[in-house]
Amino acid sequence: MMSTATEKDRRSLAEQAYHIICDWLVTLQIRPGSPINDEQVANELGLGRTPVREALKRLESDRLVVAYPRRGTFATEVHITDLGHISEVRQQLEPLAAASAARRMTRSDRADLEALLAELDSDASNDVRELIGLDMRVHRAIYAAAHNPYLEDTLIQYDNLATRIWCLFVDRLPGLAGHVGEHGALLRAVVDGDANMAADLAAGHVAGFESAIRKII
């Protein structure tokens, strides 16, 4: 029993470390190409090195960090070719998730989506971190409402990579609040159960994101 409890605690700590470090990487609090010292991160988080190392290994699978023998672990670089590759995947899967959410959402999912819709309608913030956080929460709520864990995991990974590119250029992108606000129509289509409209809006959102980035690079 003791060993089982210890294992659960270790996994919980690794999960905690994973989400915090992932947020740092996605929002560029750890810049692309920067070295990541597991001991330093562990001290900053108040955790042991083992859960941090487990988190970093998982983040390597997510393509957010890369480990080199005898050199250490680094945040992955962002290359402009990544944008086309990521968008190619998202153009196929984001509409699928939106349509699936419109068809499969539960009563609890609907309540979560309506709460986000109300937040979008009332939010007048120009704070970049708040807007990016809201954008990510909307995406994740739609993925969850699709009730396909494989689709959800894949899209979270690609949304993280896309958001990282967004954060890299956000100071040069106009209309951040408007980009996030586009989710209002998408959420409404999902809540209304309009799968075709939800899919079309999701596809348009991904295309608009790629187009906006390409205009400034």
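Residues numbered from 1 in each chain as written. Predicted model: local features only at pLDDT ≥ 70, side-chain atom pairs only at ≥ 80, totals over all residues. Heavy atoms only, no water.

K.L.:
Quick one: what's the story with the side chain of Asn160, residue by residue and with numbers?
P.N.:
Tracing the backbone shows Asn160 in helix H7 (residues 149-169). By relative accessible area, Asn160 is classed as buried at 4%. Polar contacts involving the side chain of Asn160 include one to the side chain of Arg140, which spans 2.5 Å. Setting aside its immediate chain neighbours within four residues, Asn160 contacts Cys22, Val26, Met136 and Arg140. (Helix = DSSP H or I, 4+ residues; strand = E, 2+ residues; numbered from the N terminus. Buried < 20%, exposed > 50% of the residue type's maximum accessible area, 1.4 Å probe, protein only. Polar contact = N/O pair within 3.5 Å; in protein donor to acceptor, adjacent residues only side chain to side chain. Contact = heavy atoms within 4.5 Å.)

K.L.:
Explain the pattern of salt bridges residue by residue, including any values.
P.N.:
Under the defined criterion, the tally for this structure stands at 10 salt bridges. Across the pair Asp38 and Arg49 runs a salt bridge, and its minimum N-O distance is 3.1 Å. Of the two residues, Asp38 sits in helix H2 (residues 38-45) while Arg49 sits in helix H3 (residues 49-61), which places them 11 residues apart along the sequence. A salt bridge links Asp159 to Arg140; the nearest nitrogen and oxygen atoms lie 2.7 Å apart. You can see Asp159 sitting in helix H7 and its partner Arg140 sitting in helix H6 (residues 128-145), a full 19 residues away along the chain. Members of the salt-bridge network, linked through shared partners, are Arg90, Glu94, Arg140 and Asp159. (Salt bridge = Lys/Arg side-chain N within 4 Å of Asp/Glu carboxyl O.)

K.L.:
Tell me about the sheet that holds strand E3 (residues 72-75), and please be specific about residues and values.
P.N.:
Backbone hydrogen bonds hold the strands of a sheet together, and the pairing may be parallel or antiparallel. A sheet is described by the order of its strands in space; here three strands give the open sequence E1-E3-E2, paired in antiparallel fashion. Each edge of the open sheet is held by one strand with a lone partner, namely strand E1 (35-36) and strand E2 (65-68). The pairing of E2 with E3 spans four bridges and is classified as antiparallel. What sits directly across from Val65, in E3, is Ala75. Packed on one face of the sheet, H3 meets E1 and E2 and runs near 110 degrees to E2. (Pairing = 2+ DSSP bridges. Axes fitted to C-alpha atoms, helices over the stretch in contact; angles between N-to-C directions.)

K.L.:
I'd like a rundown of the packing of aromatic side chains, residues and numbers included.
P.N.:
Scanning all chains against the criterion turns up two aromatic pairs. A centroid spacing of 6.5 Å and a plane angle of 85 degrees characterise the contact between Trp166 and Phe209, whose relative ring orientation is edge-to-face. In this pair, Trp166 is assigned in helix H7 and Phe209 in helix H10 (residues 195-214), connecting sequence segments 43 residues apart. Residue Trp166 is classed as buried on the basis of its relative accessible area, which comes to 4%. The class of Phe209 is buried, set by a relative accessible area of 6%. Lying over the aromatic face of Tyr18, Arg58 brings its terminal NZ or CZ to 3.6 Å of the ring centre. A cation over a ring is seen here: Arg90 above Phe209, with NZ or CZ 5.8 Å from the ring centre. (Phe/Tyr/Trp six-rings, centres within 6.5 Å; stacked < 30°, edge-to-face > 60°. Lys NZ or Arg CZ within 6 Å of the ring centre and 35° of its normal.)

K.L.:
Pulling in residues and values, what's your account of the confidence of the model for the chain?
P.N.:
When pLDDT is averaged along the chain, the result is 91, and 94% of the positions lie at 70 or above. Mean pLDDT across the secondary structure elements of the chain bottoms out at helix H8 (residues 176-181), with 77, and peaks at E1, with 97. (pLDDT = per-residue confidence, 0-100.)

K.L.:
How would you summarise the environment of Ser100 if you had to cite specific residues and measurements?
P.N.:
Relative to the helices and strands, Ser100 is located in helix H4 (residues 80-104). For the pair Ser100 and Tyr143, spaced 43 residues apart in the sequence, the C-alpha separation amounts to 8.8 Å. For Ser100, the contacting residues outside a window of four places in its chain are Met105, Ala145 and Ala146.

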